[in-house]
Amino acid sequence: MTSSKKVRKAVLPVAGLGTRFLPGTKAVPKEMLNIVDKPVVQYVVEEAMAAGIEHVVFVTGRNKAVIEDHFDIQYELNDTLKNRGKNAELEMLNSMLPKAGATSFTRQQEPLGLGHAVWCARDIIGDEPFALLLPDMVMQDKQGCLSGMMDLYNNTGGNVISVEEVAMEDAHKYGVVGVGEELDGGFEITGMVEKPARGSEPSNLFINGRYILQPEIFDILETQERGAGNEIQITDAMLKLADQQKFSGYRFEGNTYDCGTKQGFILANVAYAMERDDIRGLVEDDIKKLVG
Ligand code: UTP
């Protein structure tokens, strides 16, 4: 039977090394790099909360304690802001705090792959479906990618994966899905292939970093089988789960910025600056001049 239990919890794996951003990520986790004035990870937590998520599980690693601090009260700072009459800033900090008890932090002791990071959250998630959001992927969209996925999940139950169009000639660089019957708000997924050989791509819809998964995924991850790069891969586990359970695809039509890459991170900064009334006027002309 297809489960359609409520999705209350989200997993954010933040234990990666971030080697593509060295030396910037030597002491600062890549998830804490700022897009305009907010860390990457906060955009993703806000997307999760807007979709009705009640509890966020961070899977962290060494040097990531600052992420935990970011989602906690900073008494000294609050006091200083209060004494200086900086009420707007104080209010803003208070409004972004998750509810007490609505976050958990667990450690992935070794970076053995994304699948392994997700498995580290198994005890905190328990026997219920959960959302998985890759914090590298920042999704700019009015509705919020996960909110759109939740609408589809409420129709279909089972597992839901967000996908996005890419030029067909680039599809071989990604994990892509096969497209079956159209559903209300999505489609049936008939297959998933990680980096397909050129000419054998089942579609140009790539998996872009948002998932709703059933807890049976943990039983599969438990086997700790290594895949590409000798890492425990979430895609391998999803492929096995697809033999037993339904997977539906959600076509995301907003803008995705892969903030694990330099170009994605820079573009995200420009895109979010252009959305902000207080910044756009200050930088728009200069950006145009810079890029000619
Ligand atoms: P990446 O493939 O971007 O790896 O991980 P990375 O180590 O973070 O970055 P680079 O490639 O060295 O620059 C994708 C997502 O999976 C998480 C990362 O934190 C990121 O959110 N991840 C990856 C883990 O939590 N643990 C792992 O073992 C691997």
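Everything that follows concerns the structure shown earlier in this document.
Residues numbered from 1 in each chain as written. Predicted model: local features only at pLDDT ≥ 70, side-chain atom pairs only at ≥ 80, totals over all residues. Heavy atoms only, no water.

A.B. asks: Break down the overall build of the chain for me, with residues and values.
C.D. replies: On a plain count of helices and strands, the chain comes out with 11 helices and 13 strands. For the chain, whose C-alpha radius of gyration is 20 Å, the value lies close to the compact-globule estimate of 19 Å for 292 residues. Referenced to the eigenvectors of the C-alpha coordinate spread, the extents of the chain come out at roughly 60 × 50 × 40 Å. The buried share of the chain, taken over its 292 residues, is 48%. Of the contacts formed within the chain by residues at least 6 apart in sequence, a portion of 76% connects residues at least 24 apart. Only carbon and sulfur atoms are counted for the fraction: they give 49% of the accessible area of the chain, which is about 15100 Å². Separation of charge centres in the chain, based on 30 positive and 44 negative side chains, amounts to 5 Å. (Helix = DSSP H or I, 4+ residues; strand = E, 2+ residues; numbered from the N terminus. Rg over C-alpha atoms; globule rule 2.2 N^0.38 Å. Buried < 20%, exposed > 50% of the residue type's maximum accessible area, 1.4 Å probe, protein only. Contact = heavy atoms within 4.5 Å. Areas by Shrake-Rupley, 256 points an atom, 1.4 Å probe, with all protein chains shown as cover. Lys, Arg positive; Asp, Glu negative; His and termini not counted. Charge placed at Lys NZ, Arg CZ, Asp CG, Glu CD.)

A.B. asks: Quick rundown of the site of the ligand? Include the residues and the values.
C.D. replies: Residues in contact with the ligand amount to 18 residues; listed here are only the nearest, Leu-17, Thr-19, Lys-30, Gln-108 and Gly-113. One nitrogen or oxygen atom from the side chain of Asp-136 is found 3.1 Å from an oxygen atom belonging to the ligand. If the ligand stood free it would expose 570 Å²; the protein chains cover 82% of that surface. Classifying every residue of the shell around the ligand by side-chain character gives 9 nonpolar, 5 polar and 4 charged. (Near = heavy atom within 4 Å. Polar contact = N/O pair within 3.5 Å; in protein donor to acceptor, adjacent residues only side chain to side chain. Nonpolar A, V, L, I, M, F, W, Y, C, P; charged D, E, K, R; others polar.)

A.B. asks: Give a description of the pattern of salt bridges that names residues and reports values.
C.D. replies: Evaluated as defined, the whole model comprises 16 salt bridges. The partner of Glu-128 in a salt bridge is Lys-9, and the shortest N-O contact between them spans 3.6 Å. Of this pair, Glu-128 sits in the loop between helix H6 (122-125) and strand E6 (130-133) while Lys-9 sits in strand E1 (residues 9-13); the two residues are 119 residues apart in sequence, bridging distant segments of the chain. Given the relative accessible area of 14%, Glu-128 is considered buried. A relative accessible area of 11% places Lys-9 in the buried class. The partner of Asp-136 in a salt bridge is Lys-30, with the nearest N and O atoms 2.9 Å apart. (Salt bridge = Lys/Arg side-chain N within 4 Å of Asp/Glu carboxyl O.)

A.B. asks: Outline unusual backbone geometry, listing residues and values.
C.D. replies: Between Leu-22 and Pro-23 the backbone carries a cis peptide bond, its omega angle lying at 5 degrees. Mapped onto the elements of the fold, Pro-23 is located in the loop between E1 and strand E2 (34-35). The backbone of Val-36 sits at a positive phi, close to 60 degrees, despite the residue not being glycine. Inspection of the secondary structure puts Val-36 in the loop between E2 and strand E3 (38-39). Backbone geometry at Asn-230 places phi at a positive 60 degrees, although glycine is not the residue there. The topology assignment puts Asn-230 in the loop between helix H8 (217-221) and helix H9 (234-241).

A.B. asks: Which residues make up the nonpolar core, and what values go with them?
C.D. replies: Of all hydrophobic cores here, the largest spans 62 residues; its most connected members are Leu-146, Ile-217 and Met-238. Per-element tally for this core: the top contributor is helix H7 (residues 145-156), with 6 residues. Not counting the four nearest positions on each side in its chain, Leu-146 is found in contact with Glu-47, Ala-48, Ala-51, Ile-53, Ala-131, Leu-133 and Ile-212. (Core = buried A, V, L, I, M, F, W, Y, C linked by side-chain atoms within 4.5 Å.)

A.B. asks: Mind laying out the pairing of strand E9 (residues 175-183), listing which residues take part and the relevant values?
C.D. replies: Here 7 bridges tie E9 to strand E10 (residues 186-194), and the two strands are oriented antiparallel to one another. When the bridges of E10 are listed, Leu-183 appears paired with Gly-186. (Pairing = 2+ DSSP bridges.)

A.B. asks: Can you explain the packing of aromatic side chains? Please cite residues and give values.
C.D. replies: This structure, assessed with the given rule, holds 7 aromatic pairs. Aromatic pair Tyr-257 and Tyr-272: ring centres 6.4 Å apart, planes at 65 degrees, arrangement edge-to-face. One end of the pair, Tyr-257, is in strand E13 (residues 255-258); the other, Tyr-272, is in helix H10 (residues 262-275), with 15 residues separating them in the sequence. In this structure Tyr-272 comes out as buried when scored by relative accessible area, which is 9%. Three or more aromatic residues joined by ring pairs form one cluster here, namely Tyr-43, Tyr-257 and Tyr-272. For Lys-38, the ring lying beneath its charged end belongs to Tyr-43, and the centroid distance is 4.5 Å. A cation over a ring is seen here: Arg-122 above Trp-119, with NZ or CZ 3.7 Å from the ring centre. (Phe/Tyr/Trp six-rings, centres within 6.5 Å; stacked < 30°, edge-to-face > 60°. Lys NZ or Arg CZ within 6 Å of the ring centre and 35° of its normal.)

A.B. asks: Could you give me a rundown of the side chain of Glu-31, with the residues and numbers involved?
C.D. replies: Looking at the secondary structure, you find Glu-31 in the loop between E1 and E2. Accessibility expressed as a relative area gives 2% for Glu-31, which makes it buried. What Glu-31 contacts, discounting residues up to four positions off in sequence, is Val-14, Pro-39, Val-40, Val-41, Lys-64, Ile-67 and Pro-135.

A.B. asks: Kindly report on the packing of H10 against helix H11 (residues 277-291), identifying the contributing residues and their values.
C.D. replies: It is the contact of H10 with H11, at a shortest axis distance of 6 Å, that shows an interaxial angle of 125 degrees. One finds that H10 runs oblique with respect to H11. Contacts between H10 and H11 involve Val-270, Ala-273, Met-274 and Glu-275 on the former and, on the latter, Asp-277, Ile-279, Arg-280, Val-283, Glu-284 and Ile-287. (Axes fitted to C-alpha atoms, helices over the stretch in contact; angles between N-to-C directions. Parallel < 35°, antiparallel > 145°, perpendicular 65-115°, else oblique.)

Just geometry here; none of it tells us what the structure is for.
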